[in-house]
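The primary structure of each chain is shown beneath.
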Amino acid sequence: MKLTLRVWRQQNPETPGAMATYEVDNISADMSFLEMLDTLNEELTLAGDEPVAFDHDCREGICGACSLVINGDAHGPERTTTCQLHMRSFADGDTIDIEPWRASAFPVIKDLVVDRSSFDRIIQSGGYISAPTGTAPDAHATPVPKPDADFAFEHAECIGCGACVAACPNGSAMLFTSAKVNHLNVLPQGAPERETRVLDMVAQMDEEGFGGCTLTGECATACPKGIPLPSIAAMNKEWLRATRKVRR
């Protein structure tokens, strides 16, 4: 395959960026998208040019680091992570636009790399409990109803990649925050700080500068792990309940 790549290049957060055009040839349809970028960077390095900076880690669809907007879609044309996207999803001769996540809460560090530490701060604001537990209990010591366990697991699948934010026209982080709130609040271990958790995490989300949610549904469509849109409604119910309790 021979492809034309239009890649966002930006030296640092203070420098304006622009799209740069590159040609790559001999790309196998069985390559992953990141392997294709590796090939591009090898060619740039051999030519004495600076390689394109992009995030990656596990390359197994688990860590969520491979955050790219490909032809206008978060993670590309398939509902998967960028590292699990293969070049057979494209045709010989295609022109592919590759950009970083676009959100004020995800500032560009360099080229395709963005700072997603705002997600870390949302989790830190409420993703734990402060009740002393002593030694770790046995896994089966606290009974959990299967529907609750299934609900928690479904939301715990969120890998924090940020595709929901990148896909949302408002740059909202509601799907990510709801996934983190719901998978903790539904379990008995999360009950001691159920109300404060949702209030603190939503407040931190707002403080980070994410946009407001208008339930367009683009977030759930782009999510590579299939976090459902009703997750947001479930968190909103938790938030309203906690707000009313605090007011009393």
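Residues numbered from 1 in each chain as written. Predicted model: local features only at pLDDT ≥ 70, side-chain atom pairs only at ≥ 80, totals over all residues. Heavy atoms only, no water.

Looking at the assigned domains, one finds that the protein contains domain 1 (3-109) and domain 2 (116-132 + 140-245). Look at where the C-alpha atoms of domain 1 and domain 2 centre, and you get two points 29 Å apart. Counting residues at the interface gives 18 residues for domain 1 and 19 residues for domain 2. Both sides of the domain 1 and domain 2 interface together cover about 1,300 Å² of buried area, and 59% of this is carbon and sulfur. Ranking the residues of domain 1 by area buried against domain 2 places Arg79, Ala105 and Phe106 at the top, with a combined share of 41%. The tally of links from domain 1 across to domain 2 stands at one salt bridge. (Domains from an automatic or database assignment. Contact = heavy atoms within 4.5 Å. Buried area = accessible area lost by both parts, 1.4 Å probe. Salt bridge = Lys/Arg side-chain N within 4 Å of Asp/Glu carboxyl O.)

A word on the nonpolar core. Ranked by size, the top nonpolar core spans 34 residues in total, and within it Phe106, Phe119, Val165 and Phe210 carry the most contacts. Of all elements in the fold, only helix H2 (117-126), helix H4 (163-167), helix H5 (174-185), helix H6 (194-207), helix H7 (218-222) and helix H8 (230-247) reach the threshold of two or more residues within this core. Take this core: its biggest share by element is five residues, from H5. Counting only domains with at least three residues in this core, you end up with domain 1 (3-109) and domain 2 (116-132 + 140-245). Trp8, Ile27, Met31 and Leu85 belong to the second-largest nonpolar core, a separate cluster that totals 27 residues. (Core = buried A, V, L, I, M, F, W, Y, C linked by side-chain atoms within 4.5 Å. Buried < 20%, exposed > 50% of the residue type's maximum accessible area, 1.4 Å probe, protein only. Helix = DSSP H or I, 4+ residues; strand = E, 2+ residues; numbered from the N terminus.)

Scanning the entire structure with this criterion turns up 13 salt bridges. Linking Asp55 and Arg116 is a salt bridge whose minimum nitrogen-to-oxygen distance equals 3.9 Å. Of this pair, Asp55 sits in the loop between helix H1 (33-46) and strand S3 (69-70) while Arg116 sits in the loop between strand S7 (113-114) and H2, and the two are 61 residues apart along the sequence. Judged by its relative accessible area of 23%, Asp55 is partly exposed. Between Glu238 and Arg194 there is a salt bridge whose closest N-O contact spans 2.4 Å. Residue Glu238 is located in helix H8, and its partner Arg194 is located in helix H6; the two are separated by 44 residues in the primary sequence.

Moving on, we get to the sheet that holds strand S2 (residues 18-24). Taking strand neighbours across the sheet as the criterion, the five strands line up as S2-S1-S5-S3-S4 in an open arrangement whose pairing is mixed. For this open sheet the edge positions go to S2 and strand S4 (73-74), each flanked by a neighbour on one side alone. In this structure, strand S1 (residues 3-9) lies alongside S2, joined through seven bridges in antiparallel fashion. Paired with Leu3 across the bridge in S2 is Val24. Against the sheet, H1 touches S1, S2, S3 and strand S5 (95-99), its axis set at about 90° to S2. (Pairing = 2+ DSSP bridges. Axes fitted to C-alpha atoms, helices over the stretch in contact; angles between N-to-C directions.)

In this structure, the largest pocket occupies an estimated 190 Å³ of space. Lining the largest pocket we find 14 residues, and of these Gly72, Asp73, Ala74, Ala167 and Ala222 sit closest to its centre. Within the residue set of the lining of the largest pocket, elements represented by two or more residues are S4, H4 and H7. By residue number, the principal contributor to the lining of the largest pocket is H7, which donates three residues. A class-by-class count of the residues in the lining of the largest pocket yields six nonpolar, three polar and five charged. Counting contributing residues, the lining of the largest pocket receives three or more from each of domain 1 (3-109) and domain 2 (116-132 + 140-245). Of the residues assigned to the lining of the second largest pocket, the class counts are four nonpolar, two polar and one charged. (1 Å grid on protein atoms, 1.4 Å probe; cavity = no way out; pocket = protein on both sides within 12 Å on 5 of 7 lines; lining within 4 Å. Points joined across faces, edges and corners; volume = space filled by probe spheres on them. Nonpolar A, V, L, I, M, F, W, Y, C, P; charged D, E, K, R; others polar.)

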